[in-house]
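# Coordinate analysis (summary)
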Amino acid sequence: MCPAGFSLFFPSPPVPTTLNLPRSLPKSQPTATTTTSFGFRNLTETFTVDVQRAEGRPLNVPLIAPFTIASSRLDRVENVAIRIELSNGCAGWGEAPILPSVTAEDQATALAMAAEACCYLKQSPAMTLGSALREIGGILPGHEFASGFLVSLAKTREIWDSELHKLLRLPYSDQVYLHLKVRAGVEMALIDAVANSIGIPLCRLFGGVSNTITTDITIPICSPDKAAELASKYSKQGFRTLKLKVGKNLNGDLEVLQAIRRVYPDCLFILDANEGYTSNEAIQVLQKLHEMEVTPVLFEQPVHRDDWEGLGHVYHVAKNKYGVAVAADESCRSLADVRKIVEENLANVINIKLAKVGVLGALEIIEVAKASGLNLMIGGMVETRLAMGFAGHLAAGFGCFKFIDLDTPILLSEDPVLEGYEGIFCFTLDFEVIFFWTHIQVHKCKRSWWFPSLGQYFVVSSHFDS
C-alpha cells in the first residue's frame, strides 16, 4: 500500500512488465550506453560536458483558476524553459518559475539572465559537469552556501555592480532570488543532459532509493463553497492529503476548514500560511482545529520569514501541545538559514524548492538536514511538469522526503510537456489513485525532443513564444 495521496512512478531498468512502455527509444533520438554505476557527485568531476546549443524560451501556460495564497495571486504561468544540448547530441531541459507578484521580477529579465548563462556555456571549452555548474554559480550568484560550488558574497556584490544588472535595475534582494531561479533551471538542464548521455533516469542518478513518490493536492485561498467543491472533487480523484492555503483571514480560514471537513471528513490536512499569521494567530488556529478534533499533519510557514522568534514559539506549542509538525519554507532561503533553524530548534521540517535554492543548494541542505534529524519536504512554485518532474526524480532518488508537494502541473489548464506520465486510476479499498510516470510513445511532432532521464517528451508548441 502506498502512502496516502497521489503517486508518481518513475520507471528505471529493469522495467516492470505491467507498465505501458515502448520497447525502444524513438529512432530519431540519440541513444547512450546504459550504466548503473554513476552517482551524481562522482559525475560532477568525471563527466565532461561540451555544450553545443543552449537557449531560454518563454513558457506561458494558463491556470485552470486563479491561484491565491496569503501573499499573492497568480492567474497564469509565465516561466522560462531552458534547453541545453551537448556535442554528443543529448539534450536536457530545465525551468525557472517567474512570480512577479512575489518579487520585482519579470519574464524578460529572467530570459536575459538565461541568455547570459547560455551564451557563456556555448562559448566555453569542454569542462567537467562540476566546473560547468560552478561557472553558472558565478554568472548567476545567489545566497552564500558552505559549498565550493557557490561563489562568495563578495563575488555576488561584484556581479551586482556589472552593467547588466545596472540595466535591469531590480532591487538587490530580488535580483538574488531571480538568479537562483534561473540558475536552478540551467542546473536542471545540464544535469538532465548528462543523465541522458549515460542513459539512466535522474532518480537513479540521485541515489535510486525509490522510483515512487506520493504528492498532496493544494486548495488555494477561496470561499468555503469553492473549497468544499474542490475537496469533494479531489476526494473522488483519490487524493488523501489536502494542502490548504491559509493566512489571509483567520475566521475565513476556519470557515473553509469546516466546509472541507463536511464533504471530506477523513482527509489529511497540511496548512500553509505563507507567512500570513502572527504567532498568536497561528496558535489560535491550532487551538480551534483541536476543538474541531482536527490535527494537521503539518503547519507550513505560519509566520513572516524573518520572525524567527515567532516561528520557534509556534513550533514548540504546535509540537508539545498539539503534536503538529512545523515546516520552514520562506524562512529557509539558504544553508545558513537551515543551520540557524537547527541550532535554535525553530522547526522540525525544511521545505526544499529547487527554484529557491538551486539544485546544488538543495543537495547541501539535504545533507545538513539529514545529519541534524530534520524531516524534509519537497515543493515547488507554480511550475510545469518540466521542473516538477526533475524535483520528483530527486525526491524519489534520495528517498528521504517525508512530505511531497509537487502538484502544480495538475492546476494548469494546458500542458506543454506531452506524455511524460499517464494517469492510471487504480482504485483500491481506500480509493487511492496511482499516477505512473512511463516512457510511452507519443504522436509524431516535428518540433519535439525526447529526454529519457525524465521519461517525457517536450514539445515546442503555442506555449512557446517564437
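Residues numbered from 1 in each chain as written. Predicted model: local features only at pLDDT ≥ 70, side-chain atom pairs only at ≥ 80, totals over all residues. Heavy atoms only, no water.

### Description of the packing of aromatic side chains
Put simply, the rule reads: Each pair of aromatic rings taken from Phe, Tyr and Trp, with Trp reduced to its six-membered ring, is defined by centres within 6.5 Å and is described as stacked if the planes are under 30 degrees apart, edge-to-face if over 60, and tilted in the remaining cases. Comment: elements are numbered from the N terminus, with helices defined as DSSP H or I runs of at least four residues and strands as E runs of at least two. Relative accessibility thresholds used throughout: buried, under 20% of the residue-type maximum; exposed, over 50%; partly exposed, between the two (1.4 Å probe, protein chains only).
Tallied over the full model, the rule gives 5 aromatic pairs. Relative to Phe 299, the ring of Tyr 277 lies with its centre 6.3 Å away and its plane at 75°, an arrangement referred to as edge-to-face. Residue Tyr 277 is located in the loop between strand E10 (268-272) and helix H10 (279-291), and its partner Phe 299 is located in strand E11 (residues 298-300); the two are separated by 22 residues in the primary sequence. Across the pair, exposure class does not vary: Tyr 277 and Phe 299 are buried alike. Members of the aromatic cluster, connected to one another through ring pairs, are Phe 40, Phe 206, Phe 390 and Phe 398.

### Observations regarding the pattern of salt bridges
The condition that has to hold: What makes a salt bridge here is a side-chain nitrogen of Lys or Arg within 4 Å of a carboxyl oxygen of Asp or Glu, nothing more.
This model, assessed by the stated rule, comprises 20 salt bridges. The partner of Glu 85 in a salt bridge is Arg 83, and the shortest N-O contact between them spans 3.1 Å. For Arg 83, a relative accessible area of 7% translates into the label buried. Residues Lys 243 and Glu 300 are paired through a salt bridge, measuring 3.0 Å at the closest nitrogen-oxygen approach.

### Quick word on the packing of helix H13 (residues 354-372) against helix H14 (residues 385-398)
Here is the rule: Lines are fitted to the C-alpha atoms to define the axes, a helix being fitted only along its stretch in contact, and any angle between axes, read from their N-to-C directions, falls within 0 to 180 degrees. Each angle receives one of four descriptions, namely roughly parallel if under 35 degrees, roughly antiparallel if over 145, roughly perpendicular if within 65 to 115, and oblique otherwise. Here a crossing is called left-handed whenever its near helix is offset anticlockwise from the far helix by less than a right angle, and right-handed whenever the offset is clockwise. Any two residues whose heavy atoms approach within 4.5 Å at even a single point are treated as in contact.
Contact pair H13 / H14: the axes reach a minimum separation of 12 Å and the direction vectors enclose 15°. Classed by the angle they form, the pair H13 and H14 counts as roughly parallel. Taken as a pair, H13 and H14 cross one another with a handedness that is left-handed. Taking contact as the criterion, the partners of Leu 354, Val 359, Leu 363 and Ile 366 in H13 are, on H14, Phe 390, Ala 391, Leu 394 and Phe 398.

### Comments concerning the sheet that holds strand E13 (residues 349-353)
Note the cut-off: Pairing between two strands requires that DSSP report at least two bridges joining them.
Strand order in the open sheet formed by 8 strands is E8-E9-E10-E11-E12-E13-E14-E15, with parallel pairing between adjacent strands. One side of each edge strand has no neighbouring strand; the edge strands of this open sheet are strand E8 (217-219) and strand E15 (401-404). Across the sheet, the mean angle separating the axes of adjacent strands is 30° when strand polarity is ignored. Set on the sheet, helix H8 (residues 224-237) makes contact with E8 and strand E9 (241-245); between it and E8 the angle comes to about 165°. The strands touched by H13 are E13, strand E14 (375-379) and E15; relative to E13, the strand with the most contacts, the crossing angle is about 145°.

### Focus: the packing of helix H12 (residues 335-344) against H13
Cut-off, in case you're wondering: Under this grouping Gly is polar, as are all residues other than the nonpolar Ala, Val, Leu, Ile, Met, Phe, Trp, Tyr, Cys and Pro and the charged Asp, Glu, Lys and Arg.
Two numbers describe how H12 lies on H13: the axes approach to 10 Å, and their chain directions differ by 10°. If you check the angle between H12 and H13, you find them roughly parallel. When H12 is examined against H13, the residues Leu 335, Val 338, Arg 339 and Val 342 are found in contact with a partner set consisting of Glu 364, Ile 365, Val 368 and Ser 372. Broken down by class, the residue content of the contact of H12 with H13 amounts to 5 nonpolar, 1 polar and 2 charged.

### What about the nonpolar core?
As a reminder, the rule being used: In this description, a nonpolar core means a group of buried Ala, Val, Leu, Ile, Met, Phe, Trp, Tyr and Cys residues linked to one another through side-chain atoms lying within 4.5 Å. As annotated, the domain borders come from an automatic or database domain assignment.
Counting 129 residues, the largest nonpolar core has Ile 84, Leu 190, Ile 260, Phe 299 and Ile 350 as the members making the most contacts within it. Each of domain 1 (40-145 + 164-200) and domain 2 (205-411) accounts for three or more of the residues forming this core. Apart from the residues within four sequence positions on either side, Leu 190 is in contact with Val 51, Ile 84, Leu 121, Leu 129, Ala 132, Leu 133 and Ile 136. If you look at the next biggest cluster of nonpolar residues, it comprises 7 residues, including Leu 298, Ala 325, Ala 327 and Phe 403.

### Some words on the UniProt feature "active site" (unreviewed entry) in the protein
Our working definition: UniProt positions are given in the numbering used here, feature names are shortened, and annotations may be inferred rather than shown by experiment.
Feature annotation in UniProt places "active site" (unreviewed entry) on Lys 245 and Lys 353, given in this structure's numbering. Take Lys 245: it is sitting in strand E9. The contact partners of Lys 245, leaving out residues within four places of it in the chain, are Phe 67, Thr 68, Ile 69, Thr 218, Ile 219, Pro 220, Ile 221, Asp 272 and Asn 274. Residue position: Lys 353 is located in strand E13. Excluding residues that lie within four positions of it along the chain, Lys 353 makes contacts with Asp 329, Gly 358, Gly 379 and Gly 380.

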